[in-house]
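Descriptive structure summary
Listed below, chain by chain, are the residues.
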Amino acid sequence: AQSVSQHNHHVILSEAASLELGCNYSYGGTVNLFWYVQYPGQHLQLLLKYFSGDPLVKGIKGFEAEFIKSKFSFNLRKPSVQWSDTAEYFCAVNARGSSNTGKLIFGQGTTLQVKP
Amino acid sequence: NAGVTQTPKFQVLKTGQSMTLQCAQDMNHEYMSWYRQDPGMGLRLIHYSVGAGITDQGEVPNGYNVSRSTTEDFPLRLLSAAPSQTSVYFCASSPLFKDIQYFGAGTRLSVL
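Read on for a plain summary of the structure. (Residues numbered from 1 in each chain as written. Chains lettered and ligands numbered in written order. Predicted model: local features only at pLDDT ≥ 70, side-chain atom pairs only at ≥ 80, totals over all residues. Heavy atoms only, no water.)

Let us look at the interface of chain A and chain B. Listed by partner, the interface residues are 21 residues for chain A and 20 residues for chain B. Counting across the chain A and chain B interface gives zero salt bridges. Elements with a contribution of two residues or more to the side of chain A that touches chain B: strand 5 (31-38), strand 6 (45-50), strand 10 (87-95) and strand 11 (105-106) of chain A. Looking at the side of chain A that touches chain B element by element, the count peaks at four residues for strand 5 of chain A. In terms of residue class, the side of chain A that touches chain B is made up of nine nonpolar, nine polar and three charged. (Contact = heavy atoms within 4.5 Å. Salt bridge = Lys/Arg side-chain N within 4 Å of Asp/Glu carboxyl O. Helix = DSSP H or I, 4+ residues; strand = E, 2+ residues; numbered from the N terminus. Nonpolar A, V, L, I, M, F, W, Y, C, P; charged D, E, K, R; others polar.)

This is the structure we're talking about:
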């Protein structure tokens, strides 16, 4: 069965600090990878996605993520965080193939608190 | 463009009561799903549907029923509410083979 693990449950940073949130998944086949963000009081929004091609993907608001197949990882990064990045971040994985289409498996989530 | 609409936004139930959480999407998406979000556990899939008339169970289906009579609507029924079902429920939809899911605003449910 697929599973997703996010290493950090709660991260506190000062503005302008760099961010890296870890995400590892367990599945031996081909996967689609996602990072979703949930700002306080709002619903989940797609931050970025990886389907194929360049393993370094760029998303909205200056976020990027790198897919390292050998490590089963898809870590999220941002060089300089802002107070408005305070949110909960979820890594999600979907096994490629029609029988699994749409069945996202989410990690536990990481709460990011950015201090002004 | 409304996207995915969930009603109600908040609900308080007593143990044993039943209710239906509504979800509607106007994007003509084939795939729809229900998740529950609990602290420290991320989102867990309850039920999903790949098209009208087709539903299947996710990770945590017990205590919930779904049906999909139209492409647009995917209601979630709690048959006999229990305190363990206190959670935030999210409905999502996606084009069937593209896997980007669009989420509703959520329903916060408390079962006393």
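Turning our attention to the side chain of B:Gln85. Residue and element names in this part refer to chain B. Mapping Gln85 onto the fold places it in the loop between strand 8 (76-78) and strand 9 (87-94). Take Gln85: its relative accessible area is 5%, and that puts it in the buried class. Aside from chain neighbours lying at most four places away, what touches Gln85 is Arg36, Asn62, Gly63, Tyr64, Leu78, Ser80, Leu109 and Val111. (Buried < 20%, exposed > 50% of the residue type's maximum accessible area, 1.4 Å probe, protein only.)

What follows deals with the side chain of B:Ser33. All names here are of chain B. Mapping Ser33 onto the fold places it in strand 4 (residues 31-38). The buried category is assigned to Ser33, whose relative accessible area is 0%. Within the structure, Ser33 has its side chain in polar contact with the side chain of Gln101 (distance 3.3 Å). Residues in contact with Ser33, not counting those within four places in the same chain, are Leu45, His47, Tyr48, Phe74, Phe90, Cys91, Ala92 and Gln101. (Polar contact = N/O pair within 3.5 Å; in protein donor to acceptor, adjacent residues only side chain to side chain.)

Another aspect to go through is the state of the cysteines. Per the counting criterion, the structure on display carries two disulfides over all chains. Through a disulfide, A:Cys23 is tied to A:Cys91; the S-S separation comes to 1.9 Å. On the S-S bond that ties A:Cys23 to A:Cys91, the torsion sits near -65°, and the link is left-handed. Residue A:Cys23 is found in strand 4 (residues 23-26), and its partner A:Cys91 is found in strand 10; the two are separated by 68 residues along the sequence. By relative accessible area, A:Cys23 is classed as buried at 0%. A relative accessible area of 0% places A:Cys91 in the buried class. Here B:Cys23 engages in a disulfide with B:Cys91; their sulfurs sit 1.8 Å apart. When the S-S torsion is -70°, as for the bridge of B:Cys23 with B:Cys91, the disulfide is left-handed. Here B:Cys23, found in strand 3 (residues 19-25), pairs with B:Cys91, found in strand 9; they are 68 residues apart in sequence, far enough to count as distant. On the basis of relative accessible area, B:Cys91 is assigned to the buried category, the value being 0%. (Disulfide = S-S within 2.5 Å.)

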